[in-house]
There are 2 protein chains.
Amino acid sequence: MAMPYDVFAANCPTRLVLDRLADKWALLVLERLRGETVRFNRLRRDVEGVSQKVLSQTLKRLERDGLVARTVIPTVPVTVEYALTPLGLNLADTVSAFAHWAERNIEAILAAQAAYDGRGGAGA
Amino acid sequence: MAMPYDVFAANCPTRLVLDRLADKWALLVLERLRGETVRFNRLRRDVEGVSQKVLSQTLKRLERDGLVARTVIPTVPVTVEYALTPLGLNLADTVSAFAHWAERNIEAILAAQAAYDGRGGAGA
DNA sequence: CCGAATCCTTTAAGATACTG
DNA sequence: CAGTATCTTAAAGGATTCGG
């Protein structure tokens, strides 16, 4: 069935993806992994503000979704590397467009917020 | 300063946008509003699963960010219409790419999940 | 019809400490 | 280095009720 899903229907499988991906940390991790393999603690440092717990959870979900590949290298203190899968890379490009939109339009949004707050919300 | 922001830095303004937009409901609302003005309760029905409270909050934030315009029409039972602003429409197009990615790749993700679960996680 | 206010439950985040 | 386990605290979300 090549019927397009109704994204607005609660039982739509696409919602599953959207639910999972509408996540600040997942997006940031995907973006960080673009074009580079990164170790766990490096990721932890680079993506400022993630706790190791949340990062761990995020990576596990991304791995489960087939977006990120986890490689254990049996060095003395063990090394674990994370990289995008082809599927993940594909998504990361989309995410990147999103991130760059935010970057380009932050000024406009900040201005809108100031205007909104200035007049006390929607007219209070 | 046209210096590109570091999206990974915690104090980066782009993170503000990302934090706010990495939201299931905001994304769904934006998508629903593409090309059409919609009333509150219509929106509530169409975006299955939103509570009225959450929808209300979401719309208020989107309005504050200058992405959605709210119009009150003084009919007998008052009518309130929501529409995308030019800025919001611009974003909605980006969001749409995101949603369509999910739609196109849901099969692959579901398969990856099944494989992952089948072998008991990352090798447990 | 639109939405604010309240309450109350559930989920998730943060900090900390400990293991392979 | 790379995680898991636990505990505490904060917040998101859902249901319900009432007012413009």
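This one's a predicted model, so the numbers in the text were calculated from it and none came from an experiment.

*Asks:* Go over the overall build of chain A, please, and point to the residues and values.
*Replies:* When its secondary structure is counted, chain A shows five helices and three strands. The N-to-C order of helical and strand elements in chain A reads α-α-β-α-α-β-β-α. For 124 residues, the compact-globule estimate of 2.2 N^0.38 gives 14 Å, and the C-alpha radius of gyration of chain A, at 18 Å, exceeds that figure by more than 25%. Over its C-alpha atoms, taken along the principal directions, chain A stretches across nearly 60 × 45 × 25 Å. When contacts within chain A are restricted to residue pairs at least 6 apart in sequence, those whose partners lie at least 24 apart make up 43%.

*Asks:* Account for the protein's contact with DNA strand D, naming residues and giving values.
*Replies:* In the vicinity of DNA strand D, 16 residues are found, and the nearest of them are Asn41, Gln52, Arg70 and Tyr82 of chain A together with Lys53 of chain B. When the atoms of DNA strand D within 4 Å of the protein are grouped by moiety, sugar and phosphate amount to 65% of the total. Among the secondary structure elements, those contributing two or more residues to the surface near DNA strand D are α3 (40-46), α4 (52-64) and β3 (79-84) of chain A together with α4 (52-64) of chain B.

*Asks:* Give a description of the relation of the copies chain B and chain A that names residues and reports values.
*Replies:* Superposing chain B onto chain A takes a rotation of 180° plus a shift of 0.0 Å along the axis, which leaves an RMSD of 0.1 Å. The superposition operator between the copies reduces to a two-fold rotation axis. Considering only C-alpha atoms, the part of chain B nearest the rotation axis is Ala22 of chain B, at 2.3 Å.

*Asks:* Tell me what's going on with the side chain of Arg15 of chain B, and back it up with residues and numbers.
*Replies:* Mapped onto the secondary structure, Arg15 of chain B falls in helix α1 (residues 13-21). No salt bridge is formed by the buried Arg15 of chain B; its nearest oppositely charged neighbour, Asp19 of chain B, is found at 4.4 Å. Apart from residues no more than four positions distant in its own chain, Arg15 of chain B is found in contact with Trp25, Leu28 and Glu48 of chain A together with Val7, Phe8, Ala9 and Ala10 of chain B.

*Asks:* I'd like a description of the interface of chain B and chain A, backed by residues and values.
*Replies:* At the interface, 53 residues of chain B touch 53 residues of chain A. Taken over both partners, the interface formed by chain B and chain A buries close to 5,000 Å², and the fraction arising from carbon and sulfur atoms is 70%. Applying the counting rule to chain B against chain A returns four salt bridges. The salt bridge partner of Lys24 of chain B is Asp19 of chain A, with a shortest N-O separation of 3.8 Å. Between chain B and chain A we count 14 residue pairs in polar contact (both at pLDDT 80 or more) in total.

*Asks:* Run through the pattern of salt bridges, naming residues and quoting values.
*Replies:* Residues and elements named next belong to chain A. Scanning the model with the defined rule gives 16 salt bridges over all chains in all. A salt bridge links Arg32 to Asp46; its shortest N-O distance comes to 2.9 Å. With a gap of 14 residues between them, Arg32 in helix α2 (residues 24-33) and Asp46 in helix α3 connect regions that are remote in the sequence. Overall, the relative accessible area of 23% leaves Asp46 in the partly exposed class. Taken together, the salt bridges that share partners define one network made up of Arg32, Glu36, Arg42 and Asp46.

*Asks:* Which residues make up the sheet that holds β3 of chain A, and what are the values?
*Replies:* Residues and elements named next belong to chain A. In space, the three strands of this open sheet follow the order β1-β3-β2, with antiparallel pairing throughout. Across the chains shown, the open sheet's two edge strands, defined by having one partner strand only, are β1 (38-39) and β2 (68-73). One ladder, built from two bridges, connects β1 with β3; its direction is antiparallel. From the neighbouring strand, Val38 faces β3, where its bridge partner is Tyr82.

*Asks:* I'd like a rundown of the protein's contact with DNA strand C, residues and numbers included.
*Replies:* Close to DNA strand C lie 16 residues, the nearest being Lys53 of chain A together with Phe40, Asn41, Ser56 and Arg70 of chain B. Backbone atoms, meaning sugar and phosphate, form 54% of the atoms of DNA strand C found within 4 Å of the protein. One of the side-chain N or O atoms of Gln52 of chain A is found 3.1 Å from a base nitrogen in DNA strand C. In this structure, Lys53 of chain A approaches DNA strand C through a side-chain N or O atom, which is 2.6 Å from a base oxygen. Secondary structure elements with two or more residues in the surface near DNA strand C: α4 of chain A together with α3 (40-46), α4 and β3 (79-84) of chain B. For the surface near DNA strand C, a count of residues per class yields six nonpolar, five polar and five charged.

*Asks:* Go over the sheet that holds strand β1 (residues 38-39) of chain B, please, and point to the residues and values.
*Replies:* Ordered in space as β1-β3-β2 (chain B), the three strands form an open sheet in which the pairing is antiparallel. Here the strands that pair on one side only, and so sit at the sheet edges, are β1 and β2 (68-73) of chain B.

Rules of the game
Residues numbered from 1 in each chain as written. Chains lettered and ligands numbered in written order. Predicted model: local features only at pLDDT ≥ 70, side-chain atom pairs only at ≥ 80, totals over all residues. Heavy atoms only, no water. Helix = DSSP H or I, 4+ residues; strand = E, 2+ residues; numbered from the N terminus. Rg over C-alpha atoms; globule rule 2.2 N^0.38 Å. Contact = heavy atoms within 4.5 Å. Near = heavy atom within 4 Å. Least-squares fit on C-alpha atoms with pLDDT ≥ 70 in both. Buried < 20%, exposed > 50% of the residue type's maximum accessible area, 1.4 Å probe, protein only. Lys, Arg positive; Asp, Glu negative; His and termini not counted. Salt bridge = Lys/Arg side-chain N within 4 Å of Asp/Glu carboxyl O. Buried area = accessible area lost by both parts, 1.4 Å probe. Polar contact = N/O pair within 3.5 Å; in protein donor to acceptor, adjacent residues only side chain to side chain. Pairing = 2+ DSSP bridges. Nonpolar A, V, L, I, M, F, W, Y, C, P; charged D, E, K, R; others polar.

Everything listed here is a matter of coordinates, which is why it stays silent on function.
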